[in-house]
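Coordinate analysis (summary)
Okay, here's what each chain looks like letter by letter:
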Number of protein chains: 2
Amino acid sequence: MYTPSVRDLIEELGRLPGIGPRSAQRIAFYLLRSERTDVYRLADAIRRAKDQATFCEVCFNFSEGPICEICEDPTRDRSVICVVEEPKDVVALERTKEYKGLYHVLQGALNPIEGIGPDRIKVKELLKRLTDATIIEVILCTNPNIEGEATAMYLARQLQDSGITVTRIASGLPVGGDLDYADELTIGRALSGRRLL
Amino acid sequence: MYTPSVRDLIEELGRLPGIGPRSAQRIAFYLLRSERTDVYRLADAIRRAKDQATFCEVCFNFSEGPICEICEDPTRDRSVICVVEEPKDVVALERTKEYKGLYHVLQGALNPIEGIGPDRIKVKELLKRLTDATIIEVILCTNPNIEGEATAMYLARQLQDSGITVTRIASGLPVGGDLDYADELTIGRALSGRRLL
């Protein structure tokens, strides 16, 4: 019913994660009402990112070359690897300015229901990296949800005889949050993870 | 923190309606993991739609030329105009195969809170079209929500002395729906709009 070019646009937009047919229509309508230069800038940004950005061969974070800036940075502590699910988690951790080690981006989490097993994420590549004797600690920073926990448990089991210290990022109450706003799972986790003062 | 091309991509995606920073990151991550040809196809679809599609000079629906296919179709009934908010509403109405008249796409609805007055939508253009004596009925098909109702009321008032029959699409229970799932406003509207059998 739409003109061919609009139909194609809606179809392509609808393939993106989290964008259903209604959002795709809304975005198409928005783009057709926007300035031509703005629309071209979006199209060009998509092409350029695909042309220039790829994934680091070592840690699988976004990278503009074969090895990313963090992996190439000589000031980073090469004895610790922080394992995360996605590139955005690296950004979140870097923002804290607390962590000076390296990363490993799994590019997903285990999810048996959706058929995502260890071979579908960068587990093999992590285990290979860990054969390097410089590494003394692995911090499992997958998300504190079912998939992230399962992934952390799986990796911990794989590494139990490796001699590498395996730690898990703490779960608990968010700083600045209110106790009565927190869900019971978070409060339960915060209690069981209590520390001596 | 992201590489420049990824940062640009996330920024451009984040400008789209309904896409926040987290969705933009997720889409960028998805695109960088997709096949190059798929990503190029999206970028090209965006450019092509902007190059080829525009809005019909008469009804303001999407069009690949100055006048859209519906306005140019000699078999359509030129005495009726159905007024809708967006191109997607035309698609929804055409899908019914019930309506054979013309359309007028307002490209929005009145919304005083967001500062959208009659001059921000295609009201002036509609009133100009209606000076044509061939038009005997205007069906107001704006959405049955606050903005759509306000727009319909506004247009009805503008047209009250025009001699044109002004009708409003019926509100009521959706066909196939359950009475006890419908909200009270819909039931109230369905009751007040009851018909003799």
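Look up a bit, the structure's there.
Residues numbered from 1 in each chain as written. Chains lettered and ligands numbered in written order. Predicted model: local features only at pLDDT ≥ 70, side-chain atom pairs only at ≥ 80, totals over all residues. Heavy atoms only, no water.

1. Notes on the pattern of salt bridges
The full count for this structure, using the stated rule, is 20 salt bridges over all chains. Residues aspartate 44 of chain B and arginine 47 of chain A are paired through a salt bridge, measuring 3.3 Å at the closest nitrogen-oxygen approach. Highlighted residues: aspartate 44 of chain B in helix α3 (residues 36-52) and arginine 47 of chain A in helix α3 (residues 36-52), drawn from two different chains. With relative accessibility at 30%, the residue aspartate 44 of chain B sits in the partly exposed group. A salt bridge links glutamate 12 of chain B to arginine 15 of chain B; the shortest N-O distance between them is 3.5 Å. Under the relative-accessibility criterion, glutamate 12 of chain B is labelled buried at 8%. If you follow the salt bridges from partner to partner, you end up with Glu11, Glu12 and Arg15 of chain A together with Asp38 and Arg41 of chain B in one network. (Salt bridge = Lys/Arg side-chain N within 4 Å of Asp/Glu carboxyl O. Helix = DSSP H or I, 4+ residues; strand = E, 2+ residues; numbered from the N terminus. Buried < 20%, exposed > 50% of the residue type's maximum accessible area, 1.4 Å probe, protein only.)

2. Brief notes about empty space enclosed by the protein
This model, assessed by the stated rule, comprises one cavity of 30 Å³ or more. Considering only enclosed or pocket space, the largest cavity measures out at about 30 Å³ in volume. Phe62, Glu86, Pro87 and Lys88 of chain A together with Tyr2, Ile10, Gln25, Arg26 and Phe29 of chain B together form the lining of the largest cavity. If you list the elements that add at least two residues to the lining of the largest cavity, you get α5 (87-95) of chain A together with α2 (21-33) of chain B. A per-element tally of the lining of the largest cavity places α2 of chain B first, with three residues. (1 Å grid on protein atoms, 1.4 Å probe; cavity = no way out; pocket = protein on both sides within 12 Å on 5 of 7 lines; lining within 4 Å. Points joined across faces, edges and corners; volume = space filled by probe spheres on them.)

3. With respect to the relation of the copies chain B and chain A
Relative to chain A, chain B is turned by 179 degrees and slid 0.0 Å along the rotation axis, the superposed coordinates differing by an RMSD of 0.1 Å. Each copy turns onto its partner about a two-fold axis. Among all C-alpha atoms of chain B, that of alanine 43 of chain B lies closest to the rotation axis, at 2.2 Å. A shared binding surface is used by both copies, with 100% of the interface residues of chain B retained as interface residues in chain A. (Least-squares fit on C-alpha atoms with pLDDT ≥ 70 in both. Contact = heavy atoms within 4.5 Å.)

4. Regarding the interface of chain B and chain A
Counting from both sides, the interface comprises 53 residues of chain B and, opposite them, 53 residues of chain A. In this assembly, chain B packs against chain A so that about 5600 Å² is buried in total across both faces, 68% of it on carbon and sulfur atoms. Contact with chain A buries area across many residues of chain B, yet Phe29, Lys50 and Phe62 of chain B alone supply 13% of it, more than any other trio. Summed over the shared surface of chain B and chain A, the result is eight salt bridges. The partner of glutamate 12 of chain A in a salt bridge is arginine 41 of chain B, with the nearest N and O atoms 2.8 Å apart. Across the chain B-chain A interface, the total number found is 25 residue pairs in polar contact (both at pLDDT 80 or more). Listing elements by their share of the side of chain B that touches chain A, those giving two or more residues are α1 (4-14), α2, α3, β2 (62-63) and α5 (87-96) of chain B. By residue number, the principal contributor to the side of chain B that touches chain A is α3 of chain B, which donates 16 residues. Among the residues making up the side of chain B that touches chain A, the classes are represented as 26 nonpolar, eight polar and 19 charged. (Buried area = accessible area lost by both parts, 1.4 Å probe. Polar contact = N/O pair within 3.5 Å; in protein donor to acceptor, adjacent residues only side chain to side chain. Nonpolar A, V, L, I, M, F, W, Y, C, P; charged D, E, K, R; others polar.)

5. Points about α1 of chain B
Buried residues of α1 of chain B: Ser5, Val6, Leu9, Ile10, Glu12 and Leu13 of chain B, and no others. Each buried residue of α1 of chain B sits inside an arc of 165 degrees when the element is viewed along its axis, so together they form one side. Its buried side turned inward, α1 of chain B meets α3 and β2 (62-63) of chain A together with α2 of chain B. (Arc of directions from axis to C-beta.)

6. Observations concerning the nonpolar core
Grouped together as the largest cluster of nonpolar side chains are 44 residues, with contacts concentrated most on Leu13, Leu31 and Ile46 of chain A together with Leu13, Leu31 and Ile46 of chain B. Sorting the residues of this core by element identifies α1 (4-14), α2 (21-33) and α3 of chain A together with α1, α2 and α3 of chain B as the ones contributing at least two each. Discounting residues that sit within four places of it in the chain, isoleucine 46 of chain A has contacts with Leu9, Leu31, Val39, Leu42, Ala43 and Ile46 of chain B. (Core = buried A, V, L, I, M, F, W, Y, C linked by side-chain atoms within 4.5 Å.)

7. Overview of the side chain of aspartate 89 of chain B
Residues and elements named next belong to chain B. Among the structural elements, aspartate 89 can be located in helix α5. Among buried charged residues, aspartate 89 stands out as having no salt bridge; its nearest opposite-charge side chain is lysine 88, 4.1 Å away. Here glutamate 86 takes part through its backbone nitrogen, which lies 2.8 Å from a polar atom of the side chain of aspartate 89. (Lys, Arg positive; Asp, Glu negative; His and termini not counted.)

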